[in-house]
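Geometric and topological summary
Chain residues, written in single-letter form:
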Amino acid sequence: SRRPSIYYRPINPNDLDRLEKIHRDIFPIKYESEFFQSVVNGVGIVSWAAVDRNRPGGYSDELIGFVTAKFVLAKESEIDDLICYGSSQGEETLIYILTLGVVETYRNHGIAMSLINGVIRYASGLSSCRGVYLHVIAYNNPAIRLYNRLMFRCVRRLKGFYLIKRQHFDAFLFVYFVNGS
Ligand code: ACO
């Protein structure tokens, strides 16, 4: 079989159906079609896709992984208390990761790690940005290992944060501080 050749690019409107399908397949939470529209049109959302340039059958540009995120004002975020405020007059921002996923056949190749590193690099390049943060459901060990390996800090356990099929689950809140925060 061919060796995968992973390439990272922005998400665009042609990715809509595939993006929706992967979210449906791998997340226990339902996302509204507005969310996917915002992602592919880049409205208030930043995102990156992974594709396999060597994938046969005309699928060399089809998403095999993605990360989606949005900007949040630090002072309006739930980690307001953890931010070092400087000279930016309260304009400090954070990047909140909404979803991260890699299709099953492409897991354990470091693709999620590269996607998150891309977000960290992007955040570090924005002088007003103080960090990258996210929630992860407490039983998701692969994702928790990933964030620990990337040196995110687990700063909170939120009791009953997720409601899935009428059952509550705790979440961990992970933060990666950038630009001296
Ligand atoms: N060779 C061998 N192993 C490797 C290589 C490599 N080249 N690169 C990385 N690995 C290992 C890592 O060390 C890691 O091992 P570990 O789990 O034993 O610690 C493992 O592969 C996974 O790391 P990655 O490859 O970087 O991650 P992957 O691309 O497999 O994606 C993810 C991880 C996103 C959690 C995936 O399992 C997934 O899509 N799960 C379902 C959706 C999900 O849970 N998303 C995250 C929810 S949290 C949120 O969205 C904010």
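Everything here concerns the structure above.
Right, let's walk through the structure included here. These numbers were taken from a predicted model, which means no experiment stands behind them. (Residues numbered from 1 in each chain as written. Predicted model: local features only at pLDDT ≥ 70, side-chain atom pairs only at ≥ 80, totals over all residues. Heavy atoms only, no water.)

**A few points about the overall build of the protein**
For the protein, the helix and strand inventory stands at four helices and seven strands. Considered along the principal axes of its C-alpha atoms, the protein spans approximately 50 × 40 × 30 Å. The buried share of the protein, reckoned over its 181 residues, is 43%. Contacts in the protein between residues far apart in sequence, at least 24 positions, make up 67% of those at least 6 positions apart. Total accessible area on the protein is roughly 10200 Å²; 49% of this is exposed by carbon and sulfur atoms. In the protein, which carries 22 positive and 17 negative side-chain charges, the distance between the mean positions of the two groups comes to 7 Å. (Helix = DSSP H or I, 4+ residues; strand = E, 2+ residues; numbered from the N terminus. Buried < 20%, exposed > 50% of the residue type's maximum accessible area, 1.4 Å probe, protein only. Contact = heavy atoms within 4.5 Å. Areas by Shrake-Rupley, 256 points an atom, 1.4 Å probe, with all protein chains shown as cover. Lys, Arg positive; Asp, Glu negative; His and termini not counted. Charge placed at Lys NZ, Arg CZ, Asp CG, Glu CD.)

**What to know about the site of the ligand**
Close to the ligand lie 22 residues; Leu100, Asn108, Gly110, Asn140 and Arg149 are nearest. In the model, an oxygen atom of the ligand is placed 3.4 Å from a nitrogen or oxygen of the Arg107 side chain. In the model, an oxygen atom of the ligand is placed 3.1 Å from a nitrogen or oxygen of the Met113 main chain. The protein chains hide 72% of the 1000 Å² of surface that the ligand would expose on its own. Looking at the shell around the ligand, the elements that each hand over two or more residues are strand E4 (93-102), helix H3 (111-124), strand E5 (129-137) and helix H4 (141-149). Classifying every residue of the shell around the ligand gives twelve nonpolar, seven polar and three charged. (Near = heavy atom within 4 Å. Polar contact = N/O pair within 3.5 Å; in protein donor to acceptor, adjacent residues only side chain to side chain. Nonpolar A, V, L, I, M, F, W, Y, C, P; charged D, E, K, R; others polar.)

**Topic: the packing of helix H1 (residues 16-26) against helix H2 (residues 33-41)**
Interhelical geometry of H1 versus H2 gives an angle of 130 degrees and a closest axis separation of 10 Å. What the angle tells us is that H1 and H2 run oblique. With respect to the hand of their crossing, H1 and H2 are arranged in right-handed fashion. Along its contact with H1, which presents Leu16, Leu19, Glu20 and His23, the element H2 presents Phe35, Phe36, Gln37, Val39 and Val40. Residues that form the contact of H1 with H2 fall into these classes: six nonpolar, two polar and one charged. (Axes fitted to C-alpha atoms, helices over the stretch in contact; angles between N-to-C directions. Parallel < 35°, antiparallel > 145°, perpendicular 65-115°, else oblique. Left-handed = near helix turned anticlockwise from the far one by under 90°.)

**Some thoughts on the sheet that holds E5**
Pairing in this open sheet of seven strands is mixed, and the strands run E1-E2-E3-E4-E5-E7-E6 from one edge to the other. On the outer flanks of this sheet lie strand E1 (6-9) and strand E6 (153-164), each paired with one strand and no other. Neighbour to neighbour, the strand axes of the sheet diverge by 25 degrees on average, direction disregarded. Alignment of E5 against strand E7 (residues 167-177), held across seven bridges, turns out to be antiparallel. Of the residues in E7, the one forming a bridge with Ile137 is Ala171. Most of the contacts of H3 go to E4, to which it runs at about 165 degrees, and overall it touches E1, strand E2 (46-52), strand E3 (63-73), E4, E5 and E7. (Pairing = 2+ DSSP bridges.)

**Describing unusual backbone geometry**
Residue Asn108 is not a glycine yet carries a positive backbone phi of 65 degrees. Take Asn108: it is sitting in the loop between E4 and H3.

**What about H4?**
Turning to H4, its buried residues number three or more, namely Ala143, Ile144, Leu146 and Tyr147. Viewed end-on, H4 has its buried residues packed into an arc of 160 degrees, placing them on one side of the element. Across H4 from its buried face, at more than 90 degrees, point the exposed residues Pro142 and Arg145. Elements that come into contact with the buried residues of H4 comprise E4, H3, E5 and E7. Phi turns positive one or two residues past the end of H4, at Met151, with a value near 70 degrees. (Arc of directions from axis to C-beta.)

**Structural notes on the packing of aromatic side chains**
Per the stated rule, a full pass over the model turns up 13 aromatic pairs. Judged by centre distance (5.7 Å) and plane angle (40 degrees), the rings of Tyr147 and Phe174 are tilted. Pair noted here: Tyr147 is in helix H4 and Phe174 is in strand E7, with a separation of 27 residues, a long-range link. Taking relative accessible area as the criterion, Phe174 reaches 2% and is therefore assigned buried. (Phe/Tyr/Trp six-rings, centres within 6.5 Å; stacked < 30°, edge-to-face > 60°.)

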